Amino acid sequence: MSEYYNLEKMIIDFANESGPAGGEFFAAKYALKELEKYMPASVDALGNVIGEKSGEGPHILLDAHIDQVGMIVTSIDDGGFIKFDKCGGMDIRVLAAHEVIVWGKQPVFGVIVSTPPHLAKKDDEKKAKDFDELAVDIGMSKEKASEILSAGDRITLKSSHKKLLGNQICGPAFDDRAGAAAILRCLEILESHSYNCRLSVMFSVQEETGGSGAKTGGYSANAEESIVVDVSFAMAPDMPKEKCGEIGKGPMIGISPTLDSGMFSKLKKIAKANNIPCQCEVMGGRTGTNADEIQTSGNGTKTALLSIPLKNMHSGVEIIDLQDVENLAELLAAYIMKGDA
Amino acid sequence: MINQLKSLCALSGVSGREENVRNYIISQISGFAEYNVDALGNLIVFKKGADIPKNKIMIASHMDEVGLIVTYITDDGYLKFDTIGGIDTRVILGRKVYIGEDGIPGVIGIKPVHVLKDEEKAIIPDLDNLFIDIGALNKEDAEKYINPGDFAIFDSDFTEFGDGFIKARALDDRAGCAVLIEMIKSELHYDSYFVFTVQEEVGLRGAKTAAFSVAPDYAIVVETTTAADISGVSKEKQVCRLGDGAVISFMDRSTVYNRSLYDRAFDLAEKYKIKAQVKTYIAGGNDAGAIHSSGAGVRTLTVSLPCRYLHSPSCVICKSDIDEVYKMVKILAEEFANA
């Protein structure tokens, strides 16, 4: 059994719960059940799962989003094929002949159509088809499809999770179920330690469609400090080095004009003092994460960003290293224990 | 036949590495027929029937499938690869693969859409720029598990869905193999040869030597053929349709078929109430290309199962078409034996 067996199981179980933006029902149900093990929790108007544990010290909010990129049904054509648009930053280049689940009255298996090469014009192979040229083949007539599916149903990429070499795993929805799992792991670590701060945890919805969940949840929490846990780009052969962390080299601590520099320094210092490997992620402005929304919600909150390096973002084969998730959880826990220091 | 097909699709057998498929087929037909394996790896089967036919009949399906082959391991431990057979780069980005005999999992990496310039967002990268990521730390780490020349297949389970449809890898042409196995296990009217060929996807190489050895008078190739009966494709470009039965070709890119055999197929389909359809677009090729021009020439016909998304990880067929293909091939074999 691997060193990270329990963590791996939690991440994969969490990632297996469907949660396309605005349709996070299954992922939220899982998040609520897990969060309630550590603190009272509830679901707000937009669907955010929010928990709070009282304390004398400063109020800290931990956030990770539980939605994932997906697609949304727009209509069913006469042949029973399901037309769709994107729901979040879906990458059209991975869609041809990809397996999907359409979340209707019941989950329906399908394959996104792919035009065979004999119908391709010169250079067609170099260009991915756009959403309006694609459809899902569910092997049903229009009548039958209409009984189970309707416009507004979400679609997710179907892809199983697999272990790669070392401590790396691949599969869909690690963005950002791995981040949410890191927070749960942090809460587990904190169970056997004492800390003084008042702790809020938010598993937020609709990050992939613009961060509405974080905006409203951040307002409700009204914390003094917020730490957003997300994923960020890991180095790969085709990636620009300056935009990437390295997989397996520890959590990435964000530094940017919008992030609080004091929290950045403290996180770095705590990582060093506790021998937790970490790397810096430098951004020139907005971070493209919930940190952007939470920072300016209500009367504002000091915000930090911790990211798990991840390859192949928004595909069905996102790759993370379990060690990075564990290290991120330990860094978070150490920060919270020092929250009143 | 569906269970047989499921077992066949679970096996890896890219061109040149068909041994798993061949061994499985041998296990299925042992006791029902005589067989031998030729120098290239073709499985050549002779099945006694009740009577000796006037003409020597050969029925062929290929065992191999399209896939990938590892060509090089980079210093960072990524695997460069080439395709085995015709694979559209559009259907391999961001997919999981299993490499070599041990099935080491890997993924075909894709640069995240976030870091692309707007004009790059619909552009499919060249095969040369793609790589497989197995999570190796570096070249030495990767070399513990992978060697150049290792093959890879796509991760795709056998899934039944919708109203009688199947999605799987390698349906091309394990569906044909399933039909042949079923025939070999059945009672035949006439002595017949069955060949399970190798290396169809890399240029019909196995069929060439198998046809030479058997030297038949008539041949029937049992295949899958591309079906484009999908959203957004006009009727005249759909080639054939799932659920409309056995597809009979008058011409493809490898063969101009014998017209009287083609006509005979539709006469018989009508007589025996078998669902059959015309392949209405000239595209693709198959073992018939090597077989019809073998020796002094072989009268050849192809009977195919319509298959959507051919050569992708997610091929789709309709279950009812398998039975129609089986009935069609069996009747045609008897007809040609006595023609």
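Note that this is a predicted model, so its numbers are computed, not measured.

*Asks:* Looking at this structure, how should I read the interface of chain B and chain A?
*Replies:* One frequently used descriptor of interface size is the decrease in accessible area upon assembly of the parts. Contacts between the two partners involve 55 residues from chain B, matched on the other side by 54 residues from chain A. Across the side of chain B that touches chain A, the residue classes break down as 27 nonpolar, 16 polar and twelve charged.

*Asks:* Where do I start with the domain arrangement of chain A in this structure?
*Replies:* Residue and element names in this part refer to chain A. Taken domain by domain, chain A holds domain 1 (5–68 + 172–337) and domain 2 (70–157). Computed from C-alpha atoms alone, the centre-to-centre distance between domain 1 and domain 2 is 31 Å. For the side of domain 1 that touches domain 2, the per-class residue count stands at three nonpolar, eight polar and one charged.

*Asks:* Explain the sheet that holds strand 13 (residues 225–233) of chain A to me, please; I cannot follow it from the model alone.
*Replies:* All names here are of chain A. Strand order in the open sheet made by the eight strands is 1-2-12-3-13-16-14-15, with mixed pairing throughout. Strand pairing shows two members of the sheet lacking a second neighbour, strand 1 (41–43) and strand 15 (279–282), which therefore form its edges. Geometrically, the sheet is characterised by an average inter-axis angle of 25° between neighbouring strands, direction not taken into account. As paired strands, strand 1 and strand 2 (residues 49–53) are joined by three bridges and run antiparallel to one another. In the sheet register, S42 faces strand 2, and the bridge partner there is I50.

*Asks:* Teacher, can you tell me more about the nonpolar core here?
*Replies:* Nonpolar side chains in soluble globular proteins tend to be buried together. The biggest cluster of nonpolar side chains holds 224 residues, and the ones touching the most others in it are I82(A), A182(A), V325(A), L331(A), L332(A) and V329(B). Residue contributions to this core peak at ten residues, all from helix 8 (residues 322–337) of chain A. Setting aside anything within four residues of it in sequence, one finds V325(A) in contact with L7(A), I11(A), A178(A), A181(A), A182(A), R185(A), I308(A) and I320(A).

*Asks:* When you look at the sheet that holds strand 17 (residues 315–318) of chain B in this model, what are you seeing that I'm missing?
*Replies:* Hydrogen bonds between backbone atoms are what pair the strands of a sheet, whose relative direction is either parallel or antiparallel. Residues and elements named next belong to chain B. The strand order across the open sheet built from three strands is 10-11-17, with neighbouring strands paired in antiparallel fashion. The two strands at the open ends of the sheet, each matched to only one other strand, are strand 10 (159–161) and strand 17. Ignoring strand direction, the axes of neighbouring strands in this sheet form an average angle of 25°. Direction of pairing for strand 10 relative to strand 11 (residues 165–168): antiparallel, over a ladder of three bridges. Paired with F161 across the two strands is F165, which belongs to strand 11.

*Asks:* Hey, could you run me through the domain arrangement of chain B in this one?
*Replies:* Residue and element names in this part refer to chain B. Segmenting chain B into domains produces domain 1 (2–65 + 169–337) and domain 2 (67–154). Measuring from the centre of the C-alpha atoms in domain 1 to the corresponding centre in domain 2 gives 32 Å. Taken together, the contact between domain 1 and domain 2 spans eleven residues of the former and eleven residues of the latter. Tallied by class, residues from the side of domain 1 that touches domain 2 come to three nonpolar, four polar and four charged.

*Asks:* Hey, could you run me through the packing of helix 2 (residues 19–29) of chain B against helix 4 (residues 171–185) of chain B in this one?
*Replies:* Helix packing for two helices is described by the angle between their axes and how far apart those axes are. All names here are of chain B. Where helix 2 contacts helix 4, the two axes come as close as 10 Å, and the packing angle between them is 25°. When the axes of helix 2 and helix 4 are compared, the pair comes out roughly parallel. Considering how the two elements wind past one another, helix 2 and helix 4 form a crossing that is right-handed. Between helix 2, through I25, Q28 and I29, and helix 4, the contact on the second element is made entirely by C177, I181 and I184. Considered class by class, the residues forming the contact of helix 2 with helix 4 number five nonpolar, one polar and no charged.

Parameters and conventions
- Residues numbered from 1 in each chain as written.
- Chains lettered and ligands numbered in written order.
- Predicted model: local features only at pLDDT ≥ 70, side-chain atom pairs only at ≥ 80, totals over all residues.
- Contact = placed C-beta atoms within 7 Å.
- Nonpolar A, V, L, I, M, F, W, Y, C, P; charged D, E, K, R; others polar.
- Domains from an automatic or database assignment.
- Pairing = 2+ DSSP bridges.
- Helix = DSSP H or I, 4+ residues; strand = E, 2+ residues; numbered from the N terminus.
- Axes fitted to C-alpha atoms, helices over the stretch in contact; angles between N-to-C directions.
- Core = buried A, V, L, I, M, F, W, Y, C linked by C-beta atoms within 7 Å.
- Buried ≥ 20, exposed ≤ 12 C-beta atoms within 10 Å, placed from the backbone.
- Parallel < 35°, antiparallel > 145°, perpendicular 65-115°, else oblique.
- Left-handed = near helix turned anticlockwise from the far one by under 90°.

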